[in-house]
Amino acid sequence: MTSTRGATVALLLSLSAVTTGAAAAAETAQEVRDIGSRLELFVDRFLIDRLDTTELRMHHPTPAPPSKSPRPPGHYATVIKDGPLYRFYSRGYKVPDLQDGWETYHLNEVTLYAESKDGINWTQPNLGLYKIERYPAGNVVLADELLVNHNFTPFIDSRPGVPPEERYKAVGGLRFHAQFQHLREKYGAGGLKAYVSPDGIHWKRIQKEPVIPEAWGAFDSQNVAFWSDLEGCYCCYFRTFVKGYRSISRSTSSDFIHWTEPVPMNANLPGEHLYTNGTHPYFRSPHITIALPTRFQAKRASITDVMLMTSRTAARYDRTFKEAFIRPGLGPGGWGNRSNYAAWHVVPTGPAEMSIYVTGGRRYVMRYDGFASVHAGYEIGEMVTKPLRFKGKRLTVNSSTSAGGSVRVEIQDSGGRPVPGFALDDCPEFFGDEIDRVVKWKAGPDVSGLAGQPVRLRFVMRDADLFSLRFE
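Cut-offs and rules
- Residues numbered from 1 in each chain as written.
- Predicted model: local features only at pLDDT ≥ 70, side-chain atom pairs only at ≥ 80, totals over all residues.
- Heavy atoms only, no water.
- Salt bridge = Lys/Arg side-chain N within 4 Å of Asp/Glu carboxyl O.
- Helix = DSSP H or I, 4+ residues; strand = E, 2+ residues; numbered from the N terminus.
- Buried < 20%, exposed > 50% of the residue type's maximum accessible area, 1.4 Å probe, protein only.
- Pairing = 2+ DSSP bridges.
- Polar contact = N/O pair within 3.5 Å; in protein donor to acceptor, adjacent residues only side chain to side chain.
- Contact = heavy atoms within 4.5 Å.
- Phe/Tyr/Trp six-rings, centres within 6.5 Å; stacked < 30°, edge-to-face > 60°.
- Lys NZ or Arg CZ within 6 Å of the ring centre and 35° of its normal.
- 1 Å grid on protein atoms, 1.4 Å probe; cavity = no way out; pocket = protein on both sides within 12 Å on 5 of 7 lines; lining within 4 Å.
- Points joined across faces, edges and corners; volume = space filled by probe spheres on them.
- Nonpolar A, V, L, I, M, F, W, Y, C, P; charged D, E, K, R; others polar.

## Considering the pattern of salt bridges
Opposite charge on two side chains allows them to pair when their charged atoms are near.
Now for step 1: In total, this model carries 30 salt bridges according to the counting rule given.
Now for step 2: Across the pair arginine 312 and aspartate 44 runs a salt bridge, and its minimum N-O distance is 2.8 Å. Residue arginine 312 is found in the loop between strand 25 (309–311) and strand 26 (347–348), and its partner aspartate 44 is found in the loop between strand 2 (40–41) and strand 3 (48–52); the two are separated by 268 residues along the sequence.
Now for step 3: You can call aspartate 44 buried: its relative accessible area is 6%.
Now for step 4: Between glutamate 166 and lysine 169 there is a salt bridge, with its nearest N and O atoms 3.7 Å apart.
Now for step 5: Look at lysine 169 and you get buried, because its relative accessible area is 2%.
Now for step 6: Beyond isolated ion pairs, a larger network of salt bridges with shared partners links Arg50, Asp52, Glu382, Glu410 and Arg458.

Laid out in structure tokens, this is it:
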């Protein structure tokens, strides 16, 4: 009996060792997300390992009341927050409804400018650059540039060491249709041409030739460029056609003059046209790229929706959410031909509010990081993150609950075991609506002792939304 019992114990110990080793191997096999002290949004499943009675939910922006000041036009618009000043660029026309040939039509285009101190009430300053009868306010920043004013799109160059006279950059242009090739001799080649400016108002072309040749794309959309701190290069996203569908391609550059051959982003869902792309780093978390493309319904009188895509890599967009982000809405205003283009850039317009501008002077608002959330309904639900590694002393979350809702947070080791002092029972439930709520346990908010170690976060929620988190 003794020898049999000893053999049984030995077998159990052996099985235990095998099981423990397998669990450790599984933990090692799952990639640890090194998030440092970055703000991480729940716009995708990057951090999510398990959802239990919770879901990843997209949130829709809310229409804001109309501005009392004249609303800027919105076709291929760009909104830039430059310190305390908001700058608004969009396309206008010297003569309205002029249709006297392709060349005349595009020479009729100009780039308009407005500015604001709050992103809500706008003025049209007299810049004194062009005398155009239709714009006595003098708010034209560029004119008489064939094809360029169709989609002139500026940005602030955040590249370290950029010369002050090149702090602003822009791209604009189209390709010549086959029947207008003779105009290339008169105006030069088509494609995307590059501009620089010290102040966003006085512009000059970098060189006569386009920096992105017309053979690389169609460009008949709003094409955007920006400096990517994450990649250490300039990125340009522009219109191409793939198998007859309006699509998006991407090119990069180290100097804004020499660009790599474009790579298709393969962002389209089956049968889907994507018109504009609206790709830009999110202002609160620039390692996450937000895109607000226009979904174009070619067979439904060219009506449009605004969509939501995101990206953490150069190679592709994430299409977690396939339904419309901004619908045409009530009333006839949004149901016309190409009536829903989101202006390039989501910008902050309050201490907890950000704004999205849409064709026709419409403005939509939402909370910071409010694109999507981990959502729990009336039934208590959970979300557990993948193993992550952080830097910082405390955990803050952007969350919202109902009056009867709640959130609690448990910190686990990478294998899913509660860390002593940070178990669920150690975290008093919290409720309310805050952009940066500090999570506390019985011993306080200090998590610095766990910094650098692989951990998981377990959120237990009821009637609540979790939009983002950050270790500070």
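## Thoughts on the sheet that holds strand 5 (residues 62–63)
Now for step 1: Strand order in this open sheet of four strands is 5-28-27-26, and the pairing throughout is antiparallel. Every other strand in the sheet has two partners, leaving strand 5 and strand 26 as the edge strands with one partner each.
Now for step 2: In terms of strand pairing, strand 5 meets strand 28 (residues 362–367) through two bridges, oriented antiparallel. Bridge pairing links threonine 62 to valine 365 in strand 28.

## Considerations on the side chain of arginine 87
Now for step 1: By the element assignment, arginine 87 lies in strand 7 (residues 85–93).
Now for step 2: Looking at arginine 87, the relative accessible area reads 10%, which means it is buried.
Now for step 3: A distance of 3.4 Å separates a polar atom in the side chain of arginine 87 from the backbone oxygen of aspartate 199.
Now for step 4: Those residues in contact with arginine 87, other than ones at most four positions away along the chain, are Thr78, Val79, Ile80, Asp82, Tyr113, Ala114, Trp122, Tyr168, Asp199 and Ile201.

## A look at the packing of aromatic side chains
Now for step 1: Per the stated rule, a full pass over the model turns up 26 aromatic pairs.
Now for step 2: Aromatic pair phenylalanine 88 and tyrosine 357: ring centres 6.2 Å apart, planes at 90 degrees, arrangement edge-to-face. Of the two residues, phenylalanine 88 is situated in strand 7 and tyrosine 357 in strand 27 (residues 353–358); the sequence distance between them amounts to 269 residues. Like tyrosine 357, phenylalanine 88 is buried.
Now for step 3: Aromatic ring contacts, followed pair by pair, group Phe155, Trp227, Tyr234, Phe256 and Trp259 into a single cluster.
Now for step 4: We note arginine 239 situated over the ring of tyrosine 275; from NZ or CZ to the ring centre the distance is 4.4 Å.

## Some details on the layout of surface pockets
Now for step 1: Reported here for the largest pocket is a volume of approximately 630 Å³.
Now for step 2: Lining the largest pocket are 28 residues, and of these His280, Pro281, Phe283, Pro286 and His345 lie nearest its centre.
Now for step 3: Every element with two or more residues in the lining of the largest pocket is listed here: strand 6 (78–82), strand 11 (153–156), strand 16 (224–228), strand 21 (279–282), strand 22 (285–291) and strand 26.
Now for step 4: Tallied by class, residues from the lining of the largest pocket come to 16 nonpolar, eight polar and four charged.
Now for step 5: Considering only enclosed or pocket space, the second largest pocket measures out at about 370 Å³ in volume.
Now for step 6: Forming the boundary of the second largest pocket are 19 residues, of which His106, His150, Leu174, His177 and Asp220 lie nearest the centre.
Now for step 7: Here the lining of the second largest pocket gets three residues from one element, more than from any other, and that element is helix 2 (residues 102–107).

## Comments concerning the pairing of strand 13 (residues 191–197)
A regular strand carries its side chains on alternate faces of the sheet.
Now for step 1: Here strand 13 lies mainly inside the structure; seven of its seven residues are buried.
Now for step 2: Here five bridges tie strand 12 (residues 168–172) to strand 13, and the two strands are oriented antiparallel to one another. The residue of strand 13 that forms the bridge with tyrosine 168 is serine 197.
Now for step 3: Sheet topology note: the strand 13/strand 15 (residues 212–213) ladder contains two bridges and is antiparallel. By the bridge assignment for strand 15, glycine 191 is matched with proline 213.
Now for step 4: Sheet topology places strand 13 next to strand 14 (residues 204–205); two bridges connect them, and they run antiparallel.

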